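# Working through the structure, step by step
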Amino acid sequence: MKILVAVKRVIDYNVKIRVKPDNSDVDLTNVKMAMNPFCEIAVEEAVRLKERGVASEVVAVTVGPKAAQEQLRTALALGADRAIHINTSAETDEKVESLAVAKLLQKVVEEEQPQLVILGKQAIDTDNNQTGQMLAALTGLPQGTFASEVKVEGDKLQVTREIDGGLQTVALSLPAIVTTDLRLNEPRYAKLPDIMKAKKKPLATQTPAELGVEVASKVTLLKVESPAERQGGIKVGSVDELVEKLKNEAKVIS
Amino acid sequence: MDFSLSDDQKALQQAAADFTRAEFAENAARWDAESYFPVDVIKRAGEAGFLSIYIPEEHGGLGLSRLDAALIFEQLSQGCISTTAYLTIHNMASWMIAMWGSEALREQWLPRLISGELLASYCLTEPGSGSDAASLRTKAVRQGDEYVLSGSKMFISGAGETDVLVVMARTGGPDSGAGGISTFLVPADSAGIEYGKNEDKMGWKSQPTRLVSFDEVSVPAANRLGEEGEGFKLAMKGLDGGRLNIASCSLGAAQQALTLSRDYLMGRKQFGRELASFQALQFKLADMATELTAARWMVRQAAWRLDQGDPEATAHCAMAKRFATDVGFQVCNEALQLHGGYGYIKEYPLERLVRDTRVHQILEGTNEIMRVIVARRLLADGMIESLQ
Ligand SMILES: Cc1cc2nc3c(=O)[nH]c(=O)nc-3n(C[C@H](O)[C@H](O)[C@H](O)COP(=O)(O)OP(=O)(O)OC[C@H]3O[C@@H](n4cnc5c(N)ncnc54)[C@H](O)[C@@H]3O)c2cc1C
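Just so you know, these numbers come straight off a predicted model, no measurement behind them.

Residue and element names in this part refer to chain B. Between its terminal C-alpha atoms helix α7 (residues 231-267) stretches 53 Å, which fits the 54 Å expected from 37 residues at 1.5 Å a residue. Of all the bends in α7, the largest measures some 25° and sits at Asp240. Of all the 37 residues making up α7, 27 are buried; the element is thus mostly covered by neighbouring parts of the structure.

A few words now on the interface of chain B and chain A. One widely used convention gives an interface's size as the accessible area the parts lose upon coming together. In this assembly, 14 residues from chain B lie in contact with ten residues from chain A. With nine residues, the top contributor of residues to the side of chain B that touches chain A is helix α1 (residues 7-24) of chain B. Taken together, the residues of the side of chain B that touches chain A sort by class into eight nonpolar, one polar and five charged.

What follows covers the site of the ligand. All names here are of chain B. Close contacts around the ligand come from 23 residues, with Gly130, Ser131, Ser157, Thr366 and Glu368 the closest. Elements with a contribution of two residues or more to the shell around the ligand: β1 (120-123), β3 (146-157) and α12 (367-379). Tallied by class, residues from the shell around the ligand come to twelve nonpolar, eight polar and three charged. Formed jointly, the shell around the ligand draws a minimum of three residues from each of two domains, domain 2 (121-227) and domain 3 (232-386).

Residues and elements named next belong to chain B. Running from amino to carboxyl end, helix α4 (residues 66-76) crosses helix α8 (residues 279-308) at an angle of 145°, the nearest separation of the two axes being 7 Å. Across the interface between the two elements, Arg66, Leu67 and Ala70 from α4 touch Val299, Arg300, Ala303, Trp304, Leu306 and Asp307 from α8. Here the residues of the contact of α4 with α8 sort into six nonpolar, no polar and three charged.

Turning next to the environment of B:Trp297. Note on placement: B:Trp297 falls in helix α8. What makes B:Trp297 partly exposed here is the crowd of 13 C-beta atoms within 10 Å.

Next up on the list: the domain arrangement of chain B. Residues and elements named next belong to chain B. Split by domain assignment, chain B resolves into domain 1 (7-119), domain 2 (121-227) and domain 3 (232-386). A separation of 30 Å is found between the C-alpha centroids of domain 2 and domain 3. In this assembly, 13 residues from domain 2 lie in contact with ten residues from domain 3. Of the residues assigned to the side of domain 2 that touches domain 3, the class counts are nine nonpolar, four polar and no charged.

Attention now goes to the sheet that holds strand β7 (residues 143-153) of chain A. Hydrogen bonds between backbone groups are what pair the strands of a sheet, and the pairing can be parallel or antiparallel. All names here are of chain A. A sheet is described by the order of its strands in space; here nine strands give the open sequence β9-β8-β7-β10-β6-β1-β4-β5-β11, paired in mixed fashion. Here the strands that pair on one side only, and so sit at the sheet edges, are β9 (166-173) and β11 (203-206). Each neighbouring strand pair of the sheet contributes to a mean axis angle of 30°, computed without reference to strand direction. By the bridge criterion, four bridges tie strand β5 (residues 82-87) to β11 in an arrangement that is parallel. The residue of β11 that forms the bridge with Ile86 is Gln206. Along the sheet, helix α1 (residues 37-51) makes contact with β1 (2-6), β4 (57-64), β6 (116-120), β7 and β10 (176-180), crossing β6 at roughly 150°. Taken strand by strand, helix α4 (residues 131-139) contacts β6, β7 and β10, and its axis lies near 65° from that of β7.

Mapped onto the fold, B:Ser102 is located in the loop between α5 (81-100) and α6 (103-115). As for B:Ser102 and B:Gly226, which are separated by 124 residues in sequence, their C-alpha atoms are 8.1 Å apart.

Soluble globular proteins tend to pack their nonpolar side chains together in the buried interior. Ranked by internal contacts, the top residues of the largest apolar core, which has 183 residues, are A:Val5, A:Val43, A:Ala60, B:Val166, B:Val299 and B:Cys332. Beyond its immediate chain neighbours, meaning those up to four positions away, B:Cys332 contacts B:Ala253, B:Ala254, B:Ala257, B:Leu350, B:Leu353, B:Val354 and B:Thr357.

With 100% of its residues at a pLDDT of 70 or more, chain B shows a mean pLDDT of 97. Complex prediction metrics read pTM 0.90 and ipTM 0.83.

Residue and element names in this part refer to chain A. In terms of residue burial, β1 counts as a mostly covered element, since four of its five residues are buried. For β1 and β4, the ladder comprises five bridges, and the chain directions are parallel. Bridged to Leu4 within β4 is Val59. One ladder, built from three bridges, connects β1 with β6; its direction is parallel. Considered in β6, the bridge of Leu4 is made with Val117.

Residues annotated in UniProt with the feature "domain: Acyl-CoA oxidase/dehydrogenase middle" (unreviewed entry) correspond here to residues 122-217 of chain B. Between the end C-alpha atoms of residues 122-217 of chain B there is a gap of 17 Å, over a span that is 0% helix and 47% strand.

For α5(B), which comprises 20 residues, the first-to-last C-alpha distance of 29 Å matches the rise-based estimate of 28 Å (1.5 Å per residue) to within 8%. Counting buried residues along α5(B), 19 of its 20 residues qualify, which places the element largely inside the surrounding structure.

What follows concerns the packing of α1(B) against α4(B). Residues and elements named next belong to chain B. One way to put it is that α1 packs onto α4 with a least axis distance of 8 Å and a crossing angle of 30°. On the basis of their axis angle, the class for α1 and α4 is roughly parallel. Of the two possible hands of crossing, α1 and α4 adopt the one that is right-handed. Side by side, α1 and α4 meet where Gln9, Leu12, Gln13, Ala16, Ala17, Phe19, Thr20 and Phe24 of the first sit next to Asp68, Leu71, Ile72, Gln75 and Leu76 of the second. A class-by-class count of the residues in the contact of α1 with α4 yields eight nonpolar, four polar and one charged.

The rules behind these values
Residues numbered from 1 in each chain as written. Chains lettered and ligands numbered in written order. Predicted model: local features only at pLDDT ≥ 70, side-chain atom pairs only at ≥ 80, totals over all residues. Helix = DSSP H or I, 4+ residues; strand = E, 2+ residues; numbered from the N terminus. Expected span 1.5 Å × (residues − 1). Bend = angle between axes of the 7 residues up to and from the residue. Buried ≥ 20, exposed ≤ 12 C-beta atoms within 10 Å, placed from the backbone. Contact = placed C-beta atoms within 7 Å. Nonpolar A, V, L, I, M, F, W, Y, C, P; charged D, E, K, R; others polar. Near = placed C-beta within 6 Å. Domains from an automatic or database assignment. Axes fitted to C-alpha atoms, helices over the stretch in contact; angles between N-to-C directions. Pairing = 2+ DSSP bridges. Core = buried A, V, L, I, M, F, W, Y, C linked by C-beta atoms within 7 Å. pLDDT = per-residue confidence, 0-100. UniProt positions renumbered as here; feature names shortened; annotations may be inferred. Parallel < 35°, antiparallel > 145°, perpendicular 65-115°, else oblique. Left-handed = near helix turned anticlockwise from the far one by under 90°.

Have a look at this one:
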């Protein structure tokens, strides 16, 4: 079985986010970038399926600027067999929207014919949570989103999904699309010898134009603001005072 | 001249940062408080490749450069200085075995040293011989196919918990000086070896430091590294890289201290404004960053010289070690000051950074001895001219 894993280059989750002074966007100058944590989980799941002998090949794909090859190398070091880089130009890369990414991935799916596509449920930069679903719609493949457990049984896939208030288990027929939630697995870190070996694994590059996909954005970003700073709390003297404040100050109850 | 890191180097840095985040960062304070030597985590470091960074590939190591090693240790130490410092010593001792051990010796010991199944210590210092290392008195007397070692080694990092000792001992007469010393691989559990108490230290608490005494310890002659009389030279070759490694640990500590300071200055308010708005403190931060940057590039260029086989590499390693460990300590200490009282309590990591980096000015050659080494070269022909 061939698995396709999509990975995205995003701002490192440890980095303190700064907004540009003109509020036009998040400031990415000199900021450390890394693989989206949900994508790390996706790679880990694919590699585990390969280690268990369920999968025979893991192909990592990313849509992004030249620098995103760093994340593909990471995926290769973690155990992917080869990588595909869909190179978007530097000016537009931040603005490649979910739908364009899904369309590009659709082309890759058509070409590669994987039995399983694993994506992160969302990327921590834009938090859209829609690329996997869009890809499922475009390819007409069944989807199991927010996966906390994935089991392959013959040509069927059992996906346990994290939903509000509990878990839901769905059975999908392969090929299928899965998006990962936080509890699916705990990703490994790359080992130095594997990083060296990853250099020798194949990495192919394509452009959106070659795949015949238009990536120009249809959304205009108006403004980005930092969340309001947290104010210090106060101690209330009695339950009555609390109720009074919740009603009249916070206005959360009436 | 191009100062940028290659993609490979960035990948190595990232891997080291990921490893230290996952394995070291959250535990460092506890290991320090409990004086716990995290052998299990060090094994995982071995599995991840951090125990054989510059051992040549043909001997099973990663075959990376000293510059790569400096970048890696700088990252690792941002999670735990003391544990990273032990890793550097293990790397150094194992590298000596890889370079100068016989093929049989390498086969017997290296794979397990590389994987972290076995750990190594480097034994040069003695109670009566520190800076004047060439005056060491532990003796190794040849008897047939064996050497018999007697004497003691002081301040041995990892001792008591490690499996392999790389021991410098005198095979020549009492006055044979540096040329009468040989190096041996001694199994740590050999009959006749005794370990002292774990020294109660100021820092470096996540690794034990002990006295090791040798009472007629028999070692196969085949366990000698290099030739008889070459031992001091080998020990110093080990230390050229070792000093860069320790210096890199200071750089990582200073980087962490700088990051913490920036965040603290931007978050803490006094006199109704952020600390970061006081120019006196801004200047302090600017100086810390400037010194750290100077130290970092000094270490990297010295590492590059060692990789190039530059004849003055030893002096440059000594300069870099002196400068970077002084700067590392100062930056951590300044960072503590910037944190006020919070810098002094263990809830914040600053006091640990100060305690851990202090010893870098003392070991693998004190910073006074670094000056001795540099001055010796400066007074010899050509070194001053070659600096430009
Ligand atoms: C935590 C820790 C771990 C260590 N780990 C190891 C290890 O794993 N293996 C190992 O072999 N050793 C180890 N050491 C030993 C360390 O390398 C020595 O402590 C160091 O070399 C200094 O030797 P000394 O303590 O005998 O001081 P001394 O040599 O007695 O020096 C005392 C002072 O005099 C100064 N001084 C001496 N000679 C001169 C001179 N000619 N000119 C100017 N100043 C001079 C020194 O710089 C120092 O300030 C460790 C030490 C510590 C504290």
